[in-house]
Amino acid sequence: MQEPNRETRLGVTRLSRRQTKAARFDKTDGATAVAFCVDTTGETSDIHTVQYFPGDPMVDKIMRETVATWRFEPFMVDGKAIKACTQKVFKLEFK
């Protein structure tokens, strides 16, 4: 799977401005993992959380929404685009 393009990385950067319980009060570091597939058009689908951020479900929701905006080059096998699935771990640190 190819690395997300610049626009995708900017999308991840923008989400840091959204305030969640963890960002406002707890300041507790943690991680969340999101599983998703890239369909034959390069869009993400079948997005779901596989590891929940401790104490703040809004973080998980924001990460799923972010993954939904990502676009990729489709995975190709024998010259044909196929659906491919993976997961991404997001580690958050509050400073």
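Going by the structure above, here's the rest.
None of the values given here were measured: they were computed from a predicted structure. (Residues numbered from 1 in each chain as written. Predicted model: local features only at pLDDT ≥ 70, side-chain atom pairs only at ≥ 80, totals over all residues. Heavy atoms only, no water.)

If you had to explain the nonpolar core to someone new, which residues and values would you point to?
Counting 11 residues, the largest nonpolar core consists of Val34, Phe36, Val38, Phe53, Val59, Met63, Val67, Trp70, Phe72, Phe90 and Leu92. When residues of this core are traced back to their parent elements, those giving at least two are strand S1 (30-38), helix H3 (57-69) and strand S5 (84-92). (Core = buried A, V, L, I, M, F, W, Y, C linked by side-chain atoms within 4.5 Å. Buried < 20%, exposed > 50% of the residue type's maximum accessible area, 1.4 Å probe, protein only. Helix = DSSP H or I, 4+ residues; strand = E, 2+ residues; numbered from the N terminus.)

Describe H3, naming the residues involved and giving the relevant values.
In a regular helix each residue adds 1.5 Å, so 13 residues correspond to 18 Å; H3 covers 19 Å between its end C-alpha atoms and thus fits that length. Residues Val59, Asp60, Ile62, Met63, Thr66 and Val67 constitute the buried set of H3. The buried residues of H3 occupy an angular sector of 165 degrees when projected down its axis, which confines them to one face. (Expected span 1.5 Å × (residues − 1). Arc of directions from axis to C-beta.)

Could you give an account of a nonpolar patch on the surface, with specific residues and numbers?
On the surface, Phe75, Val77 and Ile82 cluster together to form a nonpolar patch covering roughly 220 Å² of accessible area. Relative to the assigned elements, Val77 resides in strand S3 (residues 75-77). (Patch = residues over 30% accessible without salt bridge, like charges linked within 9 Å, V, L, I, M, F, W, Y side chains within 5 Å. Areas by Shrake-Rupley, 256 points an atom, 1.4 Å probe, with all protein chains shown as cover. Salt bridge = Lys/Arg side-chain N within 4 Å of Asp/Glu carboxyl O.)

Got a sec to walk through the sheet that holds S1? Specific residues and values, please.
The 3 strands are arranged S2-S1-S5 in an open sheet whose pairing can be described as antiparallel. At either end of the open sheet lies a strand with only one pairing partner, and these are strand S2 (44-51) and S5. Looking at each pair of strands side by side, their axes are set apart by 25 degrees on average, direction ignored. Across 9 bridges, the pairing between S1 and S5 is antiparallel. Among the inter-strand pairings, Cys37 is bridged to a residue of S5, identified as Cys85. Sheet contacts for H3: S1, S2 and S5; angle to S2, the most-contacted strand, approximately 155 degrees. (Pairing = 2+ DSSP bridges. Axes fitted to C-alpha atoms, helices over the stretch in contact; angles between N-to-C directions. Contact = heavy atoms within 4.5 Å.)

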